[in-house]
Structure formats: C-alpha cells, structure tokens
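Residue strings, one per chain:
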Amino acid sequence: MSQARWGNSMREVKFVDLGKQYLAIRDEILAKFDEVSRTGSYVLGPEVSAFEEKFARYCGVEHAIGVGNGSDALFLSLLALGVGSTDEVITVPNSFVATAWVIARTGARPVFCDVGDDMNMDPVKLKDAITDKTKAILPVHLTGRVADMEAILDIAGQAGVAVVEDAAQAVGARYKGKMAGSFGKCAGFSLHPLKNLHVHGDGGVITTGDAKLAETLLQHRNHGLKNRDECAFWGINSRLDAVHAGIANVKLDYLDGWNVRFRGLAARYSRGLADVVAVPTEEDHEEPVYHRYMIRHSQRDELQTFLAGNGIETKVNYSVPLHLQPAASDLGYSKGDFPVAEEQAGTILSLPLYAELEDDAIDYVVEKVREYCEHG
Ligand SMILES: Cc1ncc(COP(=O)(O)O)c(C=O)c1O
C-alpha cells in the first residue's frame, strides 16, 4: 500500500518555512537593514567585522572570516593550506556535491572513505585511505552531528595532515563539550537559507585558531589583495555582504534557542518513531543540532510518496553518493565501493524540521509514518 490517504485529518507540513522565522524577528531584521544601509558600507566593513568577532567567540576560536558561501569557505580553506594538483584530500561520499568539488577545484584528487552508522566518516576506513599524497582530511558533520573528531584528529596527527571540518550543517553542534568548527586547522560553515543559522541569500564563514592562516584567508577572499594597491597572489572575490552579516548578527543571538527547539522536536520524532523506523541516535558526549532529521526505511521511495499524498513534504539528502556522480567518473570509483554510504543513500528520508514547526505537526508526521509502517 503506497496510496495516499486523503482523510479529513489531512494537513500540509512544509519541509521548511523560512518566512515564519523572518516574521518572528522582522522588526529587528528591518532595523538592522536600515542601520547597515545608512552606513553606506556594504561590502566588508564594521558590520562584517562585528559578525566575525561574534561568530569566532561563539565557536570558541580566535578567528572567523566571512565569505560569500559555504562552498568558498571550504575551497579557500584548502587553497590557503596549500592543497594543489599533486595532492589527495580524503572526504566522505554522502555529502552535498560542494564537499567534493571544492577539492577537485584546487586540482587535488578527492578520495572517498566510507561512513559508519552515524552517517559520518568512519575513522577505521579513514586510516586505510591515507597515502603519502594525502594533504588534508575533510570530514563532514552531516545532519548537524559532529563526526568522531577525536579519532579523526588522532589519525591526521599521526599522518601529519591537516583537518578541515565541513561544518556547513553543524553550526552550534557540540562534541565532547567543544563546538563544531573548533577542532580542525580550520572549518567552513554555510549561512545558506536552509541552514540553522542563515542569511537572506548566500553566505559563509571560516573559523580557525591559526592567526597566520586567518591573515592569508582574508587575502584569499578579497582578490589576493594585501592592501588597497598590492596583490600578494591571485585570489577570488568571495566576501560576506554587510547586510547579510547584519542579519547573521541578529540571528546569532537566537541560534542557541532555535537549536534547543531543533533538538526537542527531533526527540519528539524519535519517541514516536523509534519502534517502526531507524531513527538518529546520540551518544552522551554529543549534542547534534539536527540540521536534518533523517529516518531510514527499506521502502523509502514508497514511504515518501505516501507522505507526500498526505501533505507532508520530505527530501532525500542525498540520493546519489558523490563517487557515483557523473562529475566523479574520472576518479575510477564504481558502485559497491562504499557499501554503507550506498545503502544509506537508498534508505534515508529527511522529515520536516525547523524551529517554528509546531509540536502537533510533528505528531501528524509521526502518525502518518506509523500508519505507513504498520499497514503499508
Ligand atoms: C555538507 C555541505 N557542505 C558544503 C555546503 C555548501 O554550502 P553553500 O551552499 O553555502 O555553498 C553545503 C550546503 O548546502 C553542505 O550541506
């Protein structure tokens, strides 16, 4: 049975509803837009510096560098670490495509390593993937759950290679008491509208504890300019706009509260679903922020169709693993190379989740998932 049920209790549950968050803090956002607009300082400037200081403090690191988007945050991090055409960078196959292209675009070879049941980099597989060409490791904190950084940093340290965190989905997440973005040599965050902390367009930020690297990154994002007239190297233009920095400054004050709500709603889902589908788990030392709440079910596509028929919007993040993308065909991978990631790609389903979602909407989704599982 994969037919929709169109009973009286039908309601619409959107996957995300960005307008709701905006309306809740509209006055502050509009006031900030007005304030920044009056300064006439629209690219970089004091609002961006204020956000960088505030974000660095939030993550417990010394430096933050605002950039144009999360992809550039990762791309520039790799470039600044000297990653180039003779190098390999190890990452996971179950991420957004940006995680792979940022490596390939430096000229380096993306090397994939399988994930564990937590959907994050498996440190045992990581060990096997390291070669004498490995220049960096790029673990992804998928769904807002920090990868096993203790083990990953240990392996990276023994191999003498840098770790760059893909923290795009994990702003505010904690692991053993430390914040996402404070583990690696540097980390890249996305401020894209679908992320827990987002601006009203594209935006990104890099965190690092290394003052010299921060200095280089400031030049990388701004054409390679050392000052108004001197170009140290050919860089790119990837700067955080002042208006977006202003919006991020407003929203950062709300982030912990929103993340508490994400965690509460995720727990509500898990309580309702743990006996019928595979739900995300948490270790005591972890505090994920549930950028995505992903269940797993062997009849994922049918379940998704059933939920859509009942007004519930869901997504698959991501259905085609990176090593099986057409863009990766020159890397020589084939189906079966990463069985855990491949199995997950066929069974994962992201349910609606955002801080403004009402409890009874979660209960409705739970009811419909259960209905499919028990009678489907
Ligand atoms: C894991 C991951 N890495 C990188 C990115 C790229 O971020 P952006 O879209 O801001 O360029 C994203 C965002 O979709 C992501 O989810």
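Residues numbered from 1 in each chain as written. Predicted model: local features only at pLDDT ≥ 70, side-chain atom pairs only at ≥ 80, totals over all residues. Heavy atoms only, no water.

**Details of the packing of helix H9 (residues 242–273) against helix H12 (residues 359–375)**
Quick reminder of the rule: Where helices are involved, their axes are fitted lines through C-alpha atoms of the stretch in contact, as for all axes, and angles between N-to-C directions lie from 0 to 180°. Where helices and strands are cited, they refer to DSSP runs of H or I of at least four residues and of E of at least two residues respectively, numbered from the N terminus. Every angle not falling under 35 degrees, over 145, or within 65 to 115 is termed oblique; those three ranges are roughly parallel, roughly antiparallel and roughly perpendicular. Two helices that cross are described as forming a left-handed crossing if the nearer one is turned anticlockwise from the farther one by less than a right angle, and a right-handed crossing if clockwise. We call two residues in contact whenever any of their non-hydrogen atoms come within 4.5 Å of each other.
Where H9 meets H12, the axes come as close as 9 Å, and the angle between the chain directions of the two elements is 30°. Compared by their axis directions, H9 and H12 come out roughly parallel. Both H9 and H12 take part in a crossing whose hand is right-handed. Between H9 and H12, the residues in contact are Arg 261, Leu 265, Arg 268, Tyr 269, Gly 272 and Leu 273 and Asp 359, Ile 362, Asp 363, Val 365, Val 366, Val 369 and Arg 370, respectively.

**Here we look at the pairing of strand S8 (residues 186–190)**
We apply this condition: Here the term buried applies to any residue with accessible area under 20% of the maximum for its type, exposed to any over 50%, and partly exposed to those in between, with areas from a 1.4 Å probe on protein chains only. Whether two strands pair comes down to DSSP finding at least two bridges between them.
Burial analysis of S8 places five of its five residues in the buried class, the great majority of the element. Burial along S8 is two-sided: the face carrying Cys 186, Gly 188 and Ser 190 and the face carrying Ala 187 and Phe 189 are both buried. Sheet analysis places strand S5 (residues 162–166) next to S8, joined by three bridges and oriented parallel. What sits directly across from Glu 165, in S8, is Ala 187.

**Some remarks on the site of the ligand**
For clarity, the threshold we go by: Residues are counted as near a molecule or strand when any one of their heavy atoms sits within 4 Å of it. Nitrogen and oxygen atoms within 3.5 Å of one another constitute a polar contact, given that in protein one can donate a hydrogen and the other can accept it, and given that sequence-neighbouring residues count only through two side-chain atoms. Only the protein chains shown count as covering a residue, and every accessible area follows the Shrake-Rupley method with a 1.4 Å probe. Three classes are used, and their members are as follows: Ala, Val, Leu, Ile, Met, Phe, Trp, Tyr, Cys and Pro are nonpolar, Asp, Glu, Lys and Arg are charged, and the others, Gly among them, are polar.
Surrounding the ligand, one finds 16 residues, the nearest of these being Gly 70, Ser 71, Asp 166, Ser 190 and Lys 195. In the model, an oxygen atom of the ligand is placed 2.8 Å from a nitrogen or oxygen of the Gly 70 main chain. At 2.5 Å, a side-chain N or O of Ser 71 approaches an oxygen atom of the ligand. Contact with the protein chains hides 92% of the accessible area of the ligand, taken as 380 Å² for the molecule alone. It is helix H4 (residues 70–80) that provides the largest number of residues to the shell around the ligand, a total of three residues. Of the residues assigned to the shell around the ligand, the class counts are six nonpolar, eight polar and two charged.

**Overview of the pattern of salt bridges**
The following threshold applies: Throughout this description, the term salt bridge denotes a Lys or Arg side-chain nitrogen within 4 Å of a carboxyl oxygen of Asp or Glu.
With the rule as written, the count across this model stands at 24 salt bridges. Of the charged contacts, one joins Glu 358 and Lys 20 as a salt bridge, the two residues approaching to 3.0 Å between their closest N and O atoms. Pair noted here: Glu 358 is in the loop between strand S12 (348–351) and H12 and Lys 20 is in helix H1 (residues 18–24), with a separation of 338 residues, a long-range link. Arg 38 serves as the salt-bridge partner of Asp 34, at 2.8 Å between the closest nitrogen and oxygen. Residue Asp 34 and its partner Arg 38 are located together in helix H2 (residues 26–39), separated by four residues, close to a single helical turn. Each member of the salt-bridge network shares a partner with another, and the members are Arg 11, Lys 20, Glu 358 and Asp 360.

**Here's the deal with the sheet that holds strand S4 (residues 134–138)**
Strands sit in the order S1-S9-S8-S5-S4-S2-S3 across an open sheet of seven strands; the sheet is mixed. Looking at the sheet topology across the chains shown, the edges are occupied by strand S1 (63–67) and strand S3 (109–112). Taken over all neighbouring pairs, the strand axes of this sheet differ in orientation by 25° on average, direction set aside. Where helix H7 (residues 149–159) meets the sheet, its contacts fall on S4 and S5, and the angle it forms with S5 comes to roughly 150°. Along the sheet face, helix H8 (residues 211–220) touches S1, S8 and strand S9 (204–208) and points at about 15° away from the line of S1.

**Points about the sheet that holds strand S10 (residues 286–287)**
Spatially, three strands are ordered S7-S6-S10 in an open sheet, and the strand pairing comes out antiparallel. Two strands close off the open sheet at either side, each with one partner strand: strand S7 (178–179) and S10.

**Quick word on the environment of Glu 28**
For Glu 28, the position within the fold is in helix H2. Sequence spacing of Glu 28 and Ile 247 is 219 residues, and the spatial spacing of their C-alpha atoms is 8.7 Å. Here Glu 28 is in contact with Val 250 and Tyr 254, once residues within four sequence places are set aside.

**Overview of the domain arrangement of the protein**
When the parts of a complex come together, some accessible area is lost, and that lost area is often used as the size of the interface. The criterion, for reference: For the domain bounds, the source is a domain assignment made automatically or taken from a database. Here the quantity called buried area is the accessible surface, traced with a 1.4 Å probe, that two parts lose on coming together, added over both.
For the protein, the assigned domains are domain 1 (37–249) and domain 2 (254–375). Relative placement of domain 1 and domain 2: their C-alpha centres are 25 Å apart. Between domain 1 and domain 2, the contact holds 36 residues from the first and 31 residues from the second. Its largest share of buried area at the contact with domain 2, domain 1 owes to Phe 112, Arg 145 and Asn 196, together 23% of the area lost on that side. Summed over the shared surface of domain 1 and domain 2, the result is three salt bridges.

**With respect to the packing of aromatic side chains**
For any two aromatic rings, the description comes down to two numbers: the centre-to-centre distance and the angle of the planes. The test is simple: A pair of aromatic rings is counted whenever rings of Phe, Tyr or Trp (Trp by its six-membered ring) have centres within 6.5 Å, and the orientation is called stacked for planes under 30 degrees apart, edge-to-face for over 60 and tilted otherwise.
Taken as a whole and assessed by the stated rule, the structure comprises 12 aromatic pairs. On the numbers, 6.0 Å between centres and 55° between planes, the contact of Phe 75 with Trp 101 is tilted. Taken together, the residues Phe 75 in helix H4 and Trp 101 in helix H5 (residues 98–104) connect sequence positions 26 residues apart. For the ring pair Phe 112 and Phe 338, a centre distance of 6.4 Å and an interplane angle of 80° mean the geometry is edge-to-face. Of this pair, Phe 112 sits in strand S3 while Phe 338 sits in the loop between helix H10 (300–309) and helix H11 (339–347); the two residues are 226 residues apart in sequence, bridging distant segments of the chain.

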